[in-house]
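Chain residues, written in single-letter form:
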Amino acid sequence: QGSTVFDDKPKKAQKRKSGLAKVGRLGDFKIEKPIGEGSMGEVFLATQSSLDRRVALKLLPKEFAGNATLLERFLREAKSLAALDHPHIVRVYSMGEEAGHHYAAIEFIDGASLQDILDQKKRLSVGDAIHIALVCASALEHAHNLGIIHRDIKPTNILISRDGRAKVADFGLVKLVDADMSMTAT
């Protein structure tokens, strides 16, 4: 199923913080370039050598790794995503620690965030808007049925692939139903 929402336009340059792109490698991952930045760290385009697949490698900044609360939140996001198997939720392939870098290797979506598309186009067609809303609602329902509540759904956390597939991403503020609430701050 195609989509009319994606146009080719250059993305804004991302700030480089960790210098990891210069290193070129992190364990099984060959770092290609920085592609984004989230609340819990930088994201790089990488190739997982052992499986020859492109991934988005999300790194927790080293200074956050010493903070038990932030490290737990980062690991919880990766574990929560790994528990979800839905065609409209970004998949987690692996997580670990290498050379002091905590990482999560997640599905790389070649496209843009819904926010980037809205910034560019200003509005979606009714059909595209309804389609995106329905598939994201299905993804969130799947997560909720497994006791996982996203709590930060917004256009920047919905990724649209070049072929028009919408995927919910960034479960960094996930709430596990009946879980300890101490991880949440105002």
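One can find the structure itself at the top, above this paragraph.
In this text the structure is predicted, and so the values were computed from the model without any measurement.

Chemist: I'm lost on the overall build of the protein chain in this one. Help?
Modeler: When helices and strands are counted, the protein chain shows 5 helices and 11 strands. Across the protein chain, the fraction of contacts at a sequence separation of at least 24, relative to all contacts at a separation of at least 6, is 57%. Carbon and sulfur atoms make up 52% of the accessible area of the protein chain, which amounts to about 10,100 Å² in all.

Chemist: Would you mind showing me how to read a nonpolar patch on the surface here?
Modeler: A surface patch of nonpolar side chains, about 310 Å² in accessible area, is lined by Val126, Ile130 and Leu134. With respect to the helices and strands, Leu134 occurs in helix α5 (residues 126-145). What makes Leu134 exposed here is its relative accessible area of 57%.

Chemist: Help me understand unusual backbone geometry in this model?
Modeler: What is expected of a backbone is that most residues other than glycine have negative phi and most peptide bonds are trans. A positive phi is found at Asp52, a non-glycine position, where the angle reads about 50°. Along the polypeptide, Asp52 turns up in the loop between β3 (41-48) and β4 (53-60). With a phi angle near 75°, Lys122 is a residue other than glycine that sits in the positive phi range.

Chemist: Even after reading the chapter, I still don't get the side chain of His88, so can you show me in this structure?
Modeler: With respect to the helices and strands, His88 occurs in the loop between α3 (68-82) and β5 (92-98). Among the polar contacts made by the side chain of His88, one reaches the main-chain carbonyl oxygen of Ala166 at a distance of 2.7 Å.

Chemist: Could you clarify how one ought to interpret the pairing of strand β9 (residues 158-161) in this entry?
Modeler: Regular strands show a simple pattern: their side chains alternate between the two faces of the sheet. The pairing of strand β7 (residues 111-113) with β9 spans 3 bridges and is antiparallel. When the sheet's bridge partners are listed, Gly111 is paired in β9 with Ser161. With 3 bridges connecting them, β9 and strand β10 (residues 166-168) associate as antiparallel partners. Residue pairing in the sheet places Ile158 in a bridge with Val168 of β10.

Chemist: Looking at this structure, how should I read α5?
Modeler: Working note: α-helix, 3.6 residues per turn, so residues spaced by three or four point in the same direction. Its 20 residues place the ends of α5 28 Å apart at the C-alpha level, agreeing with the 28 Å of an ideal helix rising 1.5 Å per residue. Within the sequence span of α5, burial applies to Asp128, Ile132, Val135, Cys136, Ala139 and Ala143. The arc that holds every buried residue of α5, seen down its axis, measures 95°, which confines them to one face. The exposed set on the far side of α5, more than 90 degrees from its buried face, consists of Val126, Leu134, Glu141 and Asn145. Looking at the buried residues of α5, the elements they touch are α4 (114-121), β8 (148-149), β9 and β10. Immediately beyond the C-terminal end of α5, within one or two residues, lies Gly147, with a positive phi of roughly 85°.

Chemist: Honestly, the pattern of salt bridges in this entry has me stumped. Any pointers?
Modeler: Opposite charge on two side chains makes pairing possible when the charged atoms of those side chains draw close. Enumeration according to the criterion identifies 6 salt bridges in this entry. The shortest N-O distance in the salt bridge between Lys167 and Glu107 comes to 2.9 Å. Here the residue Lys167 occupies a position in strand β10, and Glu107 occupies one in strand β6 (residues 101-107), the gap between them amounting to 60 residues. Like Glu107, Lys167 is buried.

Chemist: Can you help me understand the nonpolar core in this one?
Modeler: General note: in soluble globular proteins, nonpolar side chains tend to be found buried as a group. By size, the foremost hydrophobic cluster in this structure holds 31 residues, and its most contacted members are Ile132, Ile158 and Phe171. Among the elements of the structure, β4, α3, β6, α4, α5, β9 and β10 are those that each provide at least two residues to this core. The element contributing the most residues to this core is α5, with 5 residues. Look past the residues within four positions of Ile132 in its chain and what remains in contact with it is Leu114, Leu124, Ile158, Ile160 and Ala166. Leu26, Phe29, Ala46 and Tyr103 belong to the second largest nonpolar core, which has 10 residues in total.

Chemist: What's the story with the packing of aromatic side chains in this structure? I'm lost.
Modeler: Any two aromatic rings considered together are summarised by their centre-to-centre distance and by the angle between their planes. Throughout the structure, instances matching the rule amount to 1 aromatic pair. Between Phe29 and Tyr103, the aromatic rings sit 5.3 Å apart at their centres with planes inclined by 70°, giving edge-to-face as the arrangement. One end of the pair, Phe29, is in strand β2 (residues 29-38); the other, Tyr103, is in strand β6, and 74 residues separate them in sequence. As far as the burial class goes, Phe29 and Tyr103 line up, both buried.

Reading the values: rules and limits
Residues numbered from 1 in each chain as written. Predicted model: local features only at pLDDT ≥ 70, side-chain atom pairs only at ≥ 80, totals over all residues. Heavy atoms only, no water. Helix = DSSP H or I, 4+ residues; strand = E, 2+ residues; numbered from the N terminus. Contact = heavy atoms within 4.5 Å. Areas by Shrake-Rupley, 256 points an atom, 1.4 Å probe, with all protein chains shown as cover. Patch = residues over 30% accessible without salt bridge, like charges linked within 9 Å, V, L, I, M, F, W, Y side chains within 5 Å. Salt bridge = Lys/Arg side-chain N within 4 Å of Asp/Glu carboxyl O. Buried < 20%, exposed > 50% of the residue type's maximum accessible area, 1.4 Å probe, protein only. Polar contact = N/O pair within 3.5 Å; in protein donor to acceptor, adjacent residues only side chain to side chain. Pairing = 2+ DSSP bridges. Expected span 1.5 Å × (residues − 1). Arc of directions from axis to C-beta. Core = buried A, V, L, I, M, F, W, Y, C linked by side-chain atoms within 4.5 Å. Phe/Tyr/Trp six-rings, centres within 6.5 Å; stacked < 30°, edge-to-face > 60°.

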